[in-house]
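Coordinate inspection notes
The chain contents come next:
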Amino acid sequence: MNNRLISLAIIVSLFFSFSSVSLAKGKTPQDIFKAKYPNEIITLFKTDDLNLDKKKESFILTKTGKFYLINSKGSIVLIDTGLSSDYFNELKIKIFAVTKTENHIA
């Protein structure tokens, strides 16, 4: 049983180490996204410092309606699915300050 847990922990840690690519290596968020999801087509892209840590986060909406976050370390997180222009006239990504210390994305 312990060997299974150790093996699972090693696999999970390897997965996360390979899925995170440093932006400091000169890769753009689009490059990182395309490397992981080569068949997805980016329809909207927005980069900003959302959490005010002086590091940029990027948000990507794909043609298939998937919405992703790429954090400052290059990790890609799927936020939502099923977003398409079939339900809206035009899709946009907007980032706005709610207060001096809080930003929101819409």
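Worth saying up front: this structure is predicted, and the values here are computed from it rather than measured.

What follows deals with the pairing of strand β5 (residues 95-99). Strand direction decides the pairing type here: β5 and strand β6 (residues 102-105), joined by four bridges, are antiparallel. Its bridge partner lying in β6, I95 is registered against I105. Between the end of β5 and the start of β6, which pair antiparallel, lie two residues.

The subject of this paragraph is the sheet that holds strand β1 (residues 42-48). In sheet architecture, strand pairing relies on hydrogen bonds along the backbone and comes in two forms, parallel and antiparallel. One open sheet holds the four strands; their spatial order is β1-β2-β3-β4, and the pairing between them is antiparallel. Strand pairing shows two members of the sheet lacking a second neighbour, β1 and β4 (76-80), which therefore form its edges. With strand direction ignored, the average angle separating the axes of adjacent strands in the sheet is 25 degrees. As paired strands, strand β2 (residues 57-62) and strand β3 (residues 67-70) are joined by four bridges and run antiparallel to one another. Across the sheet, residue L61 finds its bridge partner in β3, namely F67. Sheet contacts for helix α2 (residues 29-36): β1, β2, β3 and β4; angle to β1, the most-contacted strand, approximately 135 degrees.

Another point: the nonpolar core. Counting six residues, the largest nonpolar core is built from I32, F33, I60, Y68, I70 and I76. Of all the secondary structure elements, the ones that give two or more residues to this core are α2 and β3. F59, L61, I93 and I95 belong to the second-largest nonpolar core, a separate cluster that totals five residues.

What follows concerns unusual backbone geometry. In the Ramachandran plot, K54 falls in the positive-phi region, its phi being about 65 degrees despite a non-glycine side chain. In this fold, K54 is placed in the loop between β1 and β2.

Let's shift gears to α2. Residues of α2 that are buried: P29, I32 and F33. Taken down its axis, α2 places every buried residue within 95 degrees of arc, on the same side. For α2, the elements touching its buried residues are β1, β2, β3 and β4.

So, how was this worked out
Residues numbered from 1 in each chain as written. Predicted model: local features only at pLDDT ≥ 70, side-chain atom pairs only at ≥ 80, totals over all residues. Heavy atoms only, no water. Pairing = 2+ DSSP bridges. Helix = DSSP H or I, 4+ residues; strand = E, 2+ residues; numbered from the N terminus. Axes fitted to C-alpha atoms, helices over the stretch in contact; angles between N-to-C directions. Contact = heavy atoms within 4.5 Å. Core = buried A, V, L, I, M, F, W, Y, C linked by side-chain atoms within 4.5 Å. Buried < 20%, exposed > 50% of the residue type's maximum accessible area, 1.4 Å probe, protein only. Arc of directions from axis to C-beta.

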